[in-house]
Amino acid sequence: IGLEIYRSLNQSTHFTLYGGSSVDDHGKYIYENYIDAVPLVDDSNFTSVLNKIIKKYNIEYIFPAHDSVVLKLAEEFNNGNLGCKVITSKLSTCIIARSKLLTYKELSSKISVPKIFNEISEIKTDDLPIFLKPDVGQGSKGTYLAKDIQEVKFYLRKDPTLLLLEYLPGD
């Protein structure tokens, strides 16, 4: 996403772009101005270090390019803890978008969403297989397809916070 932001704005005379990351990524080869010493978003020093960077480079806007960073920066901006503006949705939208469960609940009256099982006892034989996934995450990390109740129990022992969802096969 950071590379797409760069491609969109690098020719503009209205911006001086700075790229930054907490991990070693391709941005350092693209951005003329690149900051690679940003702490991870869950680091207790994240906001204070970011504010030092904002002040040092006179940064006015941040375009967050990772789901967890979007939410963290929306929270920090909303609480008045950030030294610049964040280009994102309002905090309540960021909270909903970061949670699969809240997203399903928000959209369920508008579009079809997978059935959510709150407890194993709600799952009937006809409901199997069941798809389990983290409420917060990206890609397919931490997802499982359970073909029977024993597998559901197994995966829940590994991670009791997993969502139990209707399996939707196909494209």
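All values derive from a computational prediction rather than experimental measurement.

(A) How the structure looks around the overall build of the protein chain. For the protein chain, the helix and strand inventory stands at seven helices and eight strands. At 20 Å, the protein chain has a C-alpha radius of gyration far larger than the 16 Å of a compact globule built from 171 residues. Among the 171 residues that make up the protein chain, the fraction classed as buried is 28%. In the protein chain, the share of contacts with a sequence separation of at least 24, taken over all contacts with a separation of at least 6, comes to 46%. Accessible surface for the protein chain amounts to roughly 11,500 Å². Of this, 51% is attributable to carbon and sulfur atoms.

(B) Representation of the confidence of the model for the protein chain. Mean pLDDT over the protein chain works out to 95, with 100% of the residues at or above the 70 mark. Mean pLDDT across the elements of the protein chain bottoms out in helix H2 (residues 27-30) (93) and peaks in strand E4 (residues 85-86) (98).

(C) Focus on the packing of helix H3 (residues 46-57) against helix H4 (residues 67-78). Relative to each other, H3 and H4 sit at 75°, their axes nearing to 12 Å. Considered as vectors, H3 and H4 are oriented roughly perpendicular to each other. Two secondary-structure elements touch here, H3 through Phe-46, Thr-47 and Leu-50 and H4 through Lys-72, Leu-73 and Glu-76. Grouping the amino acids of the contact of H3 with H4 by side-chain chemistry returns three nonpolar, one polar and two charged.

(D) Quick look at the nonpolar core. If you look at the biggest cluster of nonpolar residues, it comprises 12 residues: Ile-35, Val-38, Phe-46, Leu-50, Ile-53, Ile-54, Ile-59, Ile-62, Leu-73, Leu-82, Cys-84 and Val-86. Sorting elements by how many residues they give to this core places H3 first, with four residues. Ile-123, Ile-130, Leu-132 and Leu-156 belong to the second largest nonpolar core, which has 10 residues in total.

(E) Looking closely at the pattern of salt bridges. Under the definition given, this model contains three salt bridges. Across the pair Asp-24 and Lys-28 runs a salt bridge whose closest N-O atoms are separated by 2.3 Å. By relative accessible area, which is 64% here, Asp-24 ends up exposed. Using a relative accessible area of 33% as the deciding quantity, one classes Lys-28 as partly exposed.

(F) Representation of the packing of aromatic side chains within the structure. By the definition in use, this model includes four aromatic pairs. On the basis of an interplanar angle of 65° and a centroid distance of 5.0 Å, the ring pair of Tyr-6 and Tyr-31 is categorised as edge-to-face. A residue pair is termed long-range when its members are at least 10 positions apart, and Tyr-6 in helix H1 (residues 2-9) and Tyr-31 in the loop between H2 and strand E2 (34-35) qualify at 25 residues. On the numbers, 4.2 Å between centres and 15° between planes, the contact of Tyr-144 with Tyr-155 is stacked. You can see Tyr-144 sitting in strand E7 (residues 144-146) and its partner Tyr-155 sitting in helix H7 (residues 149-158), a full 11 residues away along the chain. A residue is classified by how much of its surface remains accessible, and Tyr-144, at 22% relative accessible area, is partly exposed.

(G) The side chain of Lys-133, seen in detail. Note on placement: Lys-133 falls in strand E6 (residues 130-133). Of the side chains with opposite charge, Asp-135 lies nearest to the buried Lys-133, which makes no salt bridge, at 8.7 Å. Of the polar contacts made by the side chain of Lys-133, one reaches the side chain of Tyr-104; its length is 2.7 Å.

Rules used in this analysis
- One numbering rule holds for all chains: residues counted from 1, following each sequence as written.
- The predicted nature of this model means local features are confined to residues of pLDDT at least 70 and side-chain atom pairs, given and counted, to a pLDDT of 80 or more, with totals for whole chains, interfaces and linings taken over all residues.
- Remark: hydrogens and water are excluded; side-chain values derive from all non-hydrogen atoms of the structure.
- Working definition: helices are DSSP H or I runs of at least four residues, strands are E runs of at least two. Numbering for both runs from the N terminus.
- We compute the radius of gyration from the C-alpha atoms alone; for a globule the expected value is 2.2 Å times N to the 0.38, where N is the number of residues.
- Burial here depends on accessible area, computed with a 1.4 Å probe over protein chains only, as a share of the maximum for the residue type. Under 20% is buried, over 50% is exposed, and the range in between is partly exposed.
- By definition, residues are in contact when any of their heavy atoms lie within 4.5 Å.
- Surface accessibility follows the Shrake-Rupley procedure with a 1.4 Å probe radius. Residue values consider only the protein chains on display as shielding.
- Each residue carries a pLDDT score, the predictor's own confidence in it, on a scale running from 0 to 100.
- The convention used is that axes are lines fitted to C-alpha atoms, helices contributing only their stretch in contact, and that angles between N-to-C directions extend from 0 to 180 degrees.
- Each angle gets one of four labels, with under 35 degrees taken as roughly parallel, over 145 as roughly antiparallel, 65 to 115 as roughly perpendicular, and the rest as oblique.
- All amino acids are sorted into three groups, where Ala, Val, Leu, Ile, Met, Phe, Trp, Tyr, Cys and Pro are nonpolar, Asp, Glu, Lys and Arg are charged, and the leftover types, Gly among them, are polar.
- The criterion is simple. A nonpolar core is a set of buried Ala, Val, Leu, Ile, Met, Phe, Trp, Tyr and Cys residues joined through side-chain atoms within 4.5 Å.
- Salt bridges are counted wherever a side-chain nitrogen of Lys or Arg sits within 4 Å of a carboxyl oxygen of Asp or Glu.
- Two aromatic rings from Phe, Tyr or Trp, using only the six-membered ring of Trp, form a pair when their centres are within 6.5 Å; if the ring planes differ by under 30 degrees the pair is stacked, by over 60 it is edge-to-face, and anything between is tilted.
- Positive residues here are Lys and Arg, negative ones are Asp and Glu, while His and the chain termini are left out of the count.
- By the criterion applied in these results, polar contacts are pairs of N or O atoms within 3.5 Å in which, for protein atoms, one can donate a hydrogen and the other can accept it, and in which residues neighboring in sequence qualify only through two side-chain atoms.

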